[in-house]
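Chain by chain, the residues:
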Amino acid sequence: MRLFVAIALPEDLRARLTGLQQGVPAARWADPDNLHLTLRFIGEADGAQAQDLDAALTQVRAARFDVTLAGVDRFGQGRKSRALWVGVEPAPELDRLRRKVEQAVQAAGFAPEGRKFKPHVTLARFKGDPGHRLDDHLAHHAAFRAESFEVREFVLYSSLLAQAGAIHTPEVVYPLSPPTRELVENATNTRKLKN
Ligand code: 2AM
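Okay, so let's go over this structure.

Definitions and limits used
- All chains use their own residue numbering, which begins from 1 and follows the written sequence.
- The model is predicted, so local features are restricted to residues of pLDDT at least 70 and side-chain atom pairs to those at 80 or more, both for listing and for counting; the totals for chains, interfaces and linings are taken over all residues.
- The side-chain numbers reported here are obtained from all heavy atoms of the structure, hydrogens and water having been left aside.
- Any residue with a non-hydrogen atom lying within 4 Å of a molecule or strand is treated as near it.
- Distance and chemistry together define a polar contact, namely a pair of N or O atoms within 3.5 Å, with one atom able to donate a hydrogen and the other to accept it when in protein, and with adjacent residues in sequence counting only for side-chain atoms on both sides.
- The Shrake-Rupley method, run with a 1.4 Å probe sphere, supplies the accessible areas, and residue values consider only the shown protein chains as cover.
- Only DSSP runs of H or I covering at least 4 residues are called helices, and only runs of E covering at least 2 are called strands; the numbering of each starts at the N terminus.
- Classification used: nonpolar for Ala, Val, Leu, Ile, Met, Phe, Trp, Tyr, Cys and Pro, charged for Asp, Glu, Lys and Arg, polar for all others including Gly.
- Salt bridges are defined by distance alone: a side-chain nitrogen of Lys or Arg within 4 Å of a carboxyl oxygen of Asp or Glu.
- Categorising residues by exposure relies on relative accessible area from a 1.4 Å probe, with only protein chains included: less than 20% of the type maximum marks a residue as buried, more than 50% marks it as exposed, and the intermediate range marks it as partly exposed.

With respect to spatial proximity, the complete set of residues near the ligand consists of Arg2, Phe4, His36, Thr38, Phe41, Arg115, His120, Thr122 and Arg125. Side-chain polar atom of Thr38 to an oxygen atom of the ligand: 2.7 Å apart, as the coordinates give it. One of the side-chain N or O atoms of Arg125 is found 2.6 Å from an oxygen atom in the ligand. For the ligand, the protein covers 71% of the area, taking 460 Å² as the surface of the free molecule. Counting only elements with at least two residues in the shell around the ligand, the list comes to strand E1 (2-8), strand E3 (36-44) and strand E7 (120-125). Taken together, the residues of the shell around the ligand break down into 2 nonpolar, 4 polar and 3 charged.

Considering all chains together, one arrives at 7 salt bridges under this definition. The closest approach of N and O atoms between Arg14 and Asp33, which form a salt bridge, is 3.7 Å. Of this pair, Arg14 sits in helix H1 (residues 11-18) while Asp33 is found in the loop between strand E2 (28-29) and E3, placing the two residues 19 residues apart along the sequence. The class for Asp33 is exposed, based on a relative accessible area of 60%. Notably, a salt bridge pairs Glu89 with Arg145, separated by 2.7 Å at the nearest N-O pair. Taken together, the residues Glu89 in the loop between strand E6 (83-88) and helix H3 (92-107) and Arg145 in the loop between helix H4 (132-140) and strand E8 (149-151) connect sequence positions 56 residues apart. By relative accessible area, which is 26% here, Glu89 ends up partly exposed.

This is the structure in structure tokens:
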């Protein structure tokens, strides 16, 4: 199985992102159903490794948080551009979740991720030179900013590389914790004490 851990995007946000999936003829646009924010690419794993991974990810504890997608950019330069993507506004909670997921992945026996985390949502990939149309696209959508959304869970996906493109299937969903009543009550108590 080819696995990765990611944050799924709400349907209305994915619909909005499809508005950015045009105007670059050389682009191989990602299927709108597949648009996601990768936390960790795992790669090939057998059944036992997948079970260990699931057990470790189940231990991850984190609270819900908001994420805002903004800006467009590319991986690679000029003729060697490889991907067009939407960026993510800095969110310390996202980095914290990413670190916890990374710890869990390593606890399950996988090698550490060598690359720096650059949160993004890939819109398109390029095989050849995308030409000036990619520059035009980046300039035109530079000010793109979506409504923020609340991340309530993260997902372990399997990815099947098919002729028509990758098919991503959610295998396990890991909920993040909601703000608890207890915390609200504690906050009230604290205020009372101070008064
Ligand atoms: P990308 O969208 O930036 O290409 C599933 O393939 C997900 O894992 C993709 O979102 C992809 O990110 C990410 N990924 C990270 N490293 C990868 C790799 N070496 N091969 C394939 N996908 C990778």
